[in-house]
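Structural overview for review
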Amino acid sequence: MTPAAEDALALDARDPLAKFAAEFHHPFDGSGRKLVYLCGHSLGLQPKSAAGYVEQELDDWRRLGVLGHHVAGRPWIQYHERAAAPLAALVGAHAGEVVAMNSLTVNLHLMMVSFFRPQAPRTKILIEKSAFPSDRYAVVSQLAFHGLNAAQHLVEMEPRPGERHLRTEDIVERIQQERATLALVLLPSVQYLTGQALDLSPIIDAARRAGATVGLDLAHGIGNTLMTLHDWNVDFAVWCSYKYLNAGPGAIGGCFVHERHGRSADLPRFAGWWGHDAQSRFQMGPEFVPMAGAPGWQLSNPPVLSAAPLLASLEIFERADIRRLRDKSVALTGFLQRLIAERLHGEVEVITPPSVPERGCQLSLRIARPPVAAKQCHERLSDAGVVGDWREPDVLRLAPIPLYNSFSDVHAAVDALASAVGR
Ligand SMILES: Cc1ncc(COP(=O)(O)O)c(C=O)c1O
């Protein structure tokens, strides 16, 4: 056994969270080989408890029909409320500031209806140049909805020439330069392609000093890095639950609205009956009276079957504790970084920032080959039973997940990557 393999076993032996891996279904290939799954940044694994949660709702529906809204084991009318406290704990919010609803892009639009209200000269939105395409589409379509074109009203931040990551000071400086015209700053907590975690607090402070509202895309942050949305004073945040939150493909997403906006009944919003004051909702009155807090932005009654696996997963997060998970994640991703440096120096470049505060679970890699050959290395890695993902044009993303990956998984993945690149 190599020293690195021995290290992996020793680290696994003293990992207090190792037991959680058995609470997830780990995929197998067609020949029954267990895959090394390092793709939780794209789709988290299924908690074994998820089936029970879904079956309970199917069973209650079968037995109770419409009565399940009130008397199901977990009554459906309040079903989404069960997610609030654990979600709030993950993002550093008060329970009334978060709500599980819709999907990320839908929530982003709903939030922009309320928090992007351009009034000349304050009409611009600042995003990063490599923003996730859906965010860019959403932002550009919101600008167009207000009769504004992207060429003049979209500010796109990119790294300095020759650099890969955005610098905090550059974002802050750009916000200051645009302070008279900036309406909204929309940034990710963790960048989907490079894995860079932004230092958000000074950026949010600068944006608020400039008089802009601030929104965050937490798709790659929630369940991954530590956040204090309430104290950061961010206006809104949106997320999906199928990545680090393990709630299943297309699962119900979520939304944060800071409590200072939670009682602003005059804030423009697109309304629906589920955002109406819960006490009087079923009086079916014609006037919309919003609930206090983030729940006041709900449109429809919650999709219980899609929310059930989220509750299963959040129950695991509560037991594991996000702070302990982050500690393990730092060690696990650090181990991946170390093995790549030791074994693949010159062959594989890590493009995620090396320092711990600037990254989450994910490392983004570039293989030192022309693009076609690099992609073939990824295919060989997949053939060897390691699941990561490829993002065009040339990025291989691997994310060891502290809830269900081991140090031995990381070791096996680097072994396979070494073979894939011919080391
Ligand atoms: C960073 C980021 N933003 C937005 C989205 C879009 O999410 P949805 O399809 O839930 O709207 C994704 C999906 O992967 C994403 O990674």
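Here the structure is a predicted model, which is why all the values come from computation and not from measurement.

Time to look at the nonpolar core. Ile175, Leu229 and Leu403 are the most contacted members of the largest nonpolar core, which has 71 residues in total. Looking at this core element by element, the count peaks at ten residues for helix H12 (residues 304-320). Those residues in contact with Leu229 that lie beyond four places of it in its chain are Val91, Gly92, Leu216, Leu218, Val234, Ala237, Phe256 and His258.

Before going further, it helps to examine the sheet that holds strand E7 (residues 182-188). Read from one edge to the other, the open sheet built from seven strands follows the order E4-E10-E9-E8-E7-E5-E6, with strand pairing classed as mixed. Bordering the open sheet on either side are strand E4 (98-100) and strand E6 (154-157), each of which pairs with just one other strand. The average angle at which neighbouring strand axes cross in this sheet is 15°, direction not considered. Inspection of the sheet shows strand E5 (residues 124-128) paired to E7 by three bridges, in the parallel sense. Residue Lys124 lies in a different strand from E7, and its bridge partner there is Leu182.

Moving on to the pairing of strand E8 (residues 213-217). Residues in a regular strand project their side chains so that they alternate between the two faces of the sheet. Judged by how many residues are buried, E8 sits mostly within the fold: five of five residues are covered. Of the two faces of E8, the one lined by Thr213, Gly215 and Asp217 and the one lined by Val214 and Leu216 are each fully buried. Here five bridges tie E7 to E8, and the two strands are oriented parallel to one another. The residue bridging Val185 from the neighbouring strand is Val214, located in E8. With helix H9 (residues 200-209) bridging E7 and its parallel neighbour E8, the resulting β-α-β unit is right-handed. In terms of strand pairing, E8 meets strand E9 (residues 236-239) through three bridges, oriented parallel. Looking across to E9, one finds that Gly215 is bridged to Phe236.

Take the pattern of salt bridges next. Throughout the structure, instances matching the rule amount to 26 salt bridges. Linking Asp170 and Arg160 is a salt bridge whose minimum nitrogen-to-oxygen distance equals 2.7 Å. Within this pair, whereas Asp170 is found in helix H8 (residues 168-177), its partner Arg160 is found in the loop between E6 and H8, the two being separated by ten residues in sequence. Its relative accessible area of 34% is what places Arg160 among the partly exposed residues. With its nearest N and O atoms 3.6 Å apart, the salt bridge here joins Arg391 to Asp389. Given a relative accessible area of 30%, Arg391 falls into the partly exposed group. Residue classification places Asp389 among the buried positions, given a relative accessible area of 8%. In the salt-bridge network here, residues are joined through shared partners; they are Asp59, Asp60, Arg62 and Arg63.

Criteria and cut-off values
Residues numbered from 1 in each chain as written. Predicted model: local features only at pLDDT ≥ 70, side-chain atom pairs only at ≥ 80, totals over all residues. Heavy atoms only, no water. Core = buried A, V, L, I, M, F, W, Y, C linked by side-chain atoms within 4.5 Å. Buried < 20%, exposed > 50% of the residue type's maximum accessible area, 1.4 Å probe, protein only. Helix = DSSP H or I, 4+ residues; strand = E, 2+ residues; numbered from the N terminus. Contact = heavy atoms within 4.5 Å. Pairing = 2+ DSSP bridges. Axes fitted to C-alpha atoms, helices over the stretch in contact; angles between N-to-C directions. Right-handed = clockwise from strand over helix to strand, strands pointing away. Salt bridge = Lys/Arg side-chain N within 4 Å of Asp/Glu carboxyl O.

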